[in-house]
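Working through the structure, step by step
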Amino acid sequence: MHQSFKINENNHIQQIDTTFLKKRKIYLGVKRDDLLHPLISGNKWRKLKYNLAHMQKVKKTELLTFGGAFSNHIHACAAAGKEFNIKTRAIIRGPQLDEDNPTIQFAQQCGMQLHVVNRIEYRQRHDEAYLESLQARFPDAYIIPEGGTNEHALLGCKELVQSLPEHNYLVCPTGSGGTLAGLIEGSAPTTKVIGVAVLKQADYLNEEIKKLSNKAKNQNNWQLLTEFHGGGYGKFSPELWQFCQEMGRTYNLPLEPIYSGKMMYALWQLIEQDYFAPGSKIIAVHTGGLQGLDGLKYRGLI
């Protein structure tokens, strides 16, 4: 990989040390991928890393991607553009641009060009003809899908697994399925890989994950839990937000209630229900996204 597309990746595992876990003889470590970089953290860096390398390989000079107004992916792509001096563009789901939105403000400060489209056009973001028209309009652009999930994204998530100490269970929050697919690709067949879906009616993701990962298609050492969505994507209960705040206070583990907070809350409930056998070693992946807290505050949701 080109030297300029590297960040100083740490491998910090934070052990959650509490009697709640000790009495069940369970080890819980949190892979603090939120600490990878101040602005391009978590699974967003993992997904971008090899996409940037491929962009260079195919001789494209700018990134183009898609997202909603509060998107972690938009935030990370904009930050990567500033960090590595790459021109970035984003197709933003409209119908209009709120200039006071903190994610939008950050993206613009990083020099990202924002192209606002109505929701009807935005729905075409996976259509071949629409993507071809964008490529013709922006010939120098390397197009990355919404959320960043593609074959190159999986390589970064697979790499994450190889940095981990021994474990029986590997748990992550699941939105598009890319991170989970990458973790399955990198894991031994003896490891149980669990995704906690953060959106409603997420069973369709099982097939998406199998499309992304051959291992997922052929192995049964993984599971997508779909009952911990908390009301749907971007929604959360007062209890979940209280849990996130308590984890911050008690264990110095910052969480947001959209992704990693939902995962940890689900994990806590599963441990309470004795889902994991005594002696289990669990690693939960903190996928970053803490910038989302500013958006939740802006909307008066926390």
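Our subject is the structure that appears above.
My aim in this report is to walk through the structure given alongside it, one point at a time. (Residues numbered from 1 in each chain as written. Predicted model: local features only at pLDDT ≥ 70, side-chain atom pairs only at ≥ 80, totals over all residues. Heavy atoms only, no water.)

Side note on helix α7 (residues 151-162)
Its 12 residues place the ends of α7 18 Å apart at the C-alpha level, agreeing with the 16 Å of an ideal helix rising 1.5 Å per residue. Listed as buried for α7 are His152, Ala153, Leu154, Gly156, Cys157, Leu160 and Val161. (Helix = DSSP H or I, 4+ residues; strand = E, 2+ residues; numbered from the N terminus. Expected span 1.5 Å × (residues − 1). Buried < 20%, exposed > 50% of the residue type's maximum accessible area, 1.4 Å probe, protein only.)

So, the sheet that holds strand β5 (residues 113-117)
Taken in spatial order, the four strands of this open sheet run β5-β4-β3-β6, and their pairing is parallel. In this open sheet, the two strands that pair with only one neighbour each are β5 and β6 (141-143). Neighbouring strand axes in the sheet, compared pairwise and without regard to direction, differ in orientation by 25° on average. In the sheet, strand β3 (residues 62-67) pairs with β6 via three bridges, with the strands oriented parallel. Within β6, the residue paired with Glu62 across the bridge is Ala141. Relative to β3, helix α3 (residues 72-84) is tilted by about 165°, and along the sheet it contacts β3 and β4 (87-93). (Pairing = 2+ DSSP bridges. Axes fitted to C-alpha atoms, helices over the stretch in contact; angles between N-to-C directions. Contact = heavy atoms within 4.5 Å.)

Section: the packing of α7 against helix α8 (residues 178-186)
The N-to-C vectors of α7 and α8 enclose an angle of 50°; their axes lie 7 Å apart at closest approach. Taken together, α7 and α8 sit at an angle that is classed as oblique. Taken as a pair, α7 and α8 cross one another with a handedness that is right-handed. On the side of α7, the interface is formed by Leu154, Cys157, Lys158, Leu160 and Val161, while α8 contributes Gly178, Thr179, Ala181, Gly182, Leu183, Glu185 and Gly186. Classifying every residue of the contact of α7 with α8 by side-chain character gives six nonpolar, four polar and two charged. (Parallel < 35°, antiparallel > 145°, perpendicular 65-115°, else oblique. Left-handed = near helix turned anticlockwise from the far one by under 90°. Nonpolar A, V, L, I, M, F, W, Y, C, P; charged D, E, K, R; others polar.)

Concerning the state of the cysteines
This structure, assessed with the given rule, holds zero disulfides. Summary of cysteine pairing: Cys77 is not part of a disulfide, and the nearest cysteine sulfur, belonging to Cys110, is at 11 Å. Of the residues examined, Cys77 reaches a relative accessible area of 1% and is grouped as buried. (Disulfide = S-S within 2.5 Å.)

Quick word on the packing of α3 against helix α4 (residues 102-109)
One can describe the packing of α3 onto α4 by two numbers: an axis separation of 8 Å at closest approach and a directional angle of 20°. The angle between the axes of α3 and α4 places the two elements in the roughly parallel class. In this structure, the crossing between α3 and α4 has a hand that is left-handed. Judged by residue contacts, Ile74, His75, Ala78 and Ala79 of α3 engage Thr103, Phe106 and Ala107 from α4. Residue composition of the contact of α3 with α4, grouped by class: five nonpolar, two polar and no charged.

Let's talk about the pattern of salt bridges
Within this structure, the stated rule accounts for 12 salt bridges. Notably, a salt bridge pairs Arg24 with Asp274, separated by 3.5 Å at the nearest N-O pair. A residue pair is termed long-range when its members are at least 10 positions apart, and Arg24 in the loop between α1 (19-22) and β2 (27-32) and Asp274 in the loop between α12 (260-272) and β10 (281-286) qualify at 250 residues. According to the relative accessible area criterion, Asp274 is exposed, its value standing at 53%. (Salt bridge = Lys/Arg side-chain N within 4 Å of Asp/Glu carboxyl O.)

A closer look at unusual backbone geometry
Across the chain, the bulk of peptide bonds are trans and the bulk of non-glycine residues have phi less than zero. In this chain, Gly94 is followed by Pro95 through a cis amide linkage whose omega measures 20°. As for its position among the elements, Pro95 is in the loop between β4 and α4. Unlike most non-glycine residues, Lys59 shows phi in positive territory, near 60°. By the secondary structure assignment, Lys59 is in the loop between α2 (42-57) and β3. Using a relative accessible area of 72% as the deciding quantity, one classes Lys59 as exposed.

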